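So you can see what is in the structure, the chains are spelled out below.
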Amino acid sequence: MPAYEELESEVIERGLCTYCGACVAACPLFHLKWIDGKPIRPETKAACEDCEVCYRACYRTAFDKEAIEEEIFGRHRNKDEDIGIYRRAVAAKVSDERIHEKAQDGGVVTAILLYLLEEKEIDGATLTGRTADWMPTPLVAKSSEEIISAAGTKYGASPNLLKLRTAVIDDVLDNICIVGLPCHVKAVRHLQHTNFDLAPAIKFVIGLFCHGNFEYERMIEGITERGVKKSEVEKISVSKSVFQVHTRDTELSIPLKETGGWLSDYCQTCDDYSAELADISVGSKGSEEGWSSVILRTEKGEEVFSKLETKGYLKTKELDNLEALKRDSIIKRQKSV
Ligand SMILES: Cc1cc2nc3c(=O)[nH]c(=O)nc-3n(C[C@H](O)[C@H](O)[C@H](O)COP(=O)(O)OP(=O)(O)OC[C@H]3O[C@@H](n4cnc5c(N)ncnc54)[C@H](O)[C@@H]3O)c2cc1C
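Here is what the cut-offs are and how they apply
- Residues numbered from 1 in each chain as written.
- Predicted model: local features only at pLDDT ≥ 70, side-chain atom pairs only at ≥ 80, totals over all residues.
- Heavy atoms only, no water.
- Buried < 20%, exposed > 50% of the residue type's maximum accessible area, 1.4 Å probe, protein only.
- Helix = DSSP H or I, 4+ residues; strand = E, 2+ residues; numbered from the N terminus.
- Pairing = 2+ DSSP bridges.
- Axes fitted to C-alpha atoms, helices over the stretch in contact; angles between N-to-C directions.
- Contact = heavy atoms within 4.5 Å.
- Domains from an automatic or database assignment.
- Buried area = accessible area lost by both parts, 1.4 Å probe.
- Salt bridge = Lys/Arg side-chain N within 4 Å of Asp/Glu carboxyl O.
- Core = buried A, V, L, I, M, F, W, Y, C linked by side-chain atoms within 4.5 Å.
- Disulfide = S-S within 2.5 Å.
- Expected span 1.5 Å × (residues − 1).
- Arc of directions from axis to C-beta.

Undergrad: Just checking my understanding: could you explain the pairing of strand β12 (residues 292–296) for this structure?
TA: Successive side chains on a regular strand alternate, one facing one side of the sheet and the next facing the other. Across the five residues that make up β12, a large majority, five, are buried. Of the two faces of β12, the one lined by Ser292, Val294 and Leu296 and the one lined by Ser293 and Ile295 are each fully buried. Pairing geometry for strand β11 (residues 280–283) and β12, over four bridges, is antiparallel. By the bridge assignment, Ile280 is partnered in β12 with Leu296.

Undergrad: Explanation requested: the sheet that holds strand β7 (residues 202–208) in the structure shown.
TA: Pairing between the strands of a sheet is mediated by backbone hydrogen bonds and can be parallel or antiparallel. In spatial order, the strands read β5-β4-β6-β7-β11-β12-β3-β13; together these eight strands make up an open sheet with mixed pairing. Unpaired on one side and paired on the other, β5 (136–141) and β13 (314–317) mark the two borders of the sheet. Here the strands of the sheet are splayed against their neighbours by 30° on average, with no regard to which way each runs. As paired strands, β7 and β11 are joined by three bridges and run parallel to one another. Note on β11: the bridge partner recorded for Gly207 is Ser281. Relative to the sheet, helix α9 (residues 182–193) contacts β6 (176–180) and β7, its axis offset from that of β7 by approximately 155°.

Undergrad: Just to check I follow, could you spell out the domain arrangement of the protein chain for this structure?
TA: Size of an interface, as often reported, equals the accessible area lost when the parts are brought together. Split by domain assignment, the protein chain resolves into domain 1 (4–57), domain 2 (65–213 + 264–335) and domain 3 (216–260). Domain 2 and domain 3 are separated by 24 Å when their C-alpha centres are compared. Contacts between domain 2 and domain 3 engage 12 residues on the former and 13 residues on the latter. Interface area, domain 2 with domain 3, both sides summed: about 1,100 Å², of which 53% is carbon and sulfur. A per-residue breakdown of the area domain 2 buries against domain 3 is headed by Asp133, Trp134 and Tyr155, which together make up 53% of the total. Counting the contacts that link domain 2 with domain 3 gives two salt bridges. A salt bridge links Asp265 to Arg218; its shortest N-O distance comes to 3.7 Å.

Undergrad: Sorry, what's going on with the nonpolar core here?
TA: One recurring pattern in soluble globular proteins: nonpolar side chains tend to sit buried together. Of all hydrophobic cores here, the largest spans 34 residues; its most connected members are Leu161, Leu164, Ile176, Ile178, Leu191 and Phe196. The set of elements that each furnish at least two residues to this core consists of α2 (22–26), α4 (65–73), α8 (162–170), β6, α9 and β7. Per-element accounting of this core gives the leading share, five residues, to α9. Both domains that furnish three or more residues to this core are identified here as domain 1 (4–57) and domain 2 (65–213 + 264–335).

Undergrad: So what exactly am I meant to see when it comes to the state of the cysteines here?
TA: A covalent bond between the sulfur atoms of two cysteines is what we call a disulfide. Applying the stated criterion across every chain yields a total of zero disulfides. There is no disulfide at Cys17, and the cysteine sulfur nearest it, in Cys23, is 6.1 Å away.

Undergrad: Even after reading the chapter, I still don't get helix α11 (residues 299–310), so can you show me in this structure?
TA: The α-helix winds at 3.6 residues per turn, so residues separated by three or four positions along the chain end up facing the same way. Taking 1.5 Å of rise per residue, the 12 residues of α11 would be expected to cover 16 Å, and the 16 Å separating its terminal C-alpha atoms lies within 8% of that figure. Listed as buried for α11 are Gly301, Val304, Phe305 and Leu308. The arc enclosing the buried residues of α11, seen along the axis, measures out at 95°, which places them on a common side. With its phi angle positive at about 80°, Gly312 sits one or two positions after the end of α11.

So this is what it looks like as structure tokens:
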């Protein structure tokens, strides 16, 4: 029976762990803990001998993509569907300038979350905040203030699924939205597919595009050695093959090709650029600055988005460059090992 030992040897030690936190959230007796940014079992416990929950909770141990696509879309992705199965792709931007100012791109993720909360379609969301040093930190947002405070991209792994347990057990939430990278989305879909006990509370999944995530320590070292203190950073973005660090007074631009060494090892095995299994996927690729590219995949995702448009919460227009989005998706699929 595969248990923690196998999770350690087959996933963690082989560099396949995406640090999503699902295994720790799944551990029924809290023997598995999140220590120094990774899942660790400090002591071998008798109860672990006949337990395989942490192993089964990890999508890296078994991921039945075809069955999951069948469940979400009723069919499999065709080979020529480069950005996955979808109903509509559009450019969008939040109408409220106060939200736009705080957001990474078009503020679409934050706008959707605020709408879902306002309409009581969700009672909370697992999101990513950050420390003053730009370390990503997972959180449960239950108010519009908390949702807005989590706006913006933080590069680095964030164990958002750790907070699934907090949301369901401690905060007693019934209707949760998960926001995450393609790896988080896969982890969530795996938990739903395998009927994991916390999964019924997950009602909506928003995925972010991702060419690859940066390893926090390497990224901070790269920024610091170029003369910017991490405490001064106000925003980090990637645009047109340039990694940009914005402070109050300066802007540091680093060609993306110089950041190759910062990429997290687990990203080498990821073939999903546009979070193909989300209800709605959002990124910047394909749209002009200040706008988001939005891929509406499920019926539920399309319905929610249409309501935001009707209420005037979002401005929308045709996507500028769908081909660029497809190109990046193909590149990531081809590069994955
Ligand atoms: C590591 C990373 C790599 C990305 N790479 C690309 C890319 O290659 N191409 C592209 O087009 N877009 C990429 N994006 C997405 C892009 O940066 C924006 O998140 C997206 O365009 C949504 O913008 P927005 O203004 O709608 O989001 P906002 O309204 O600002 O909301 C952003 C949401 O992202 C969540 N979030 C922030 N950091 C993380 C994180 N580390 N893990 C999980 N969730 C997080 C927050 O909880 C927040 O709810 C990446 C994002 C991340 C986090």
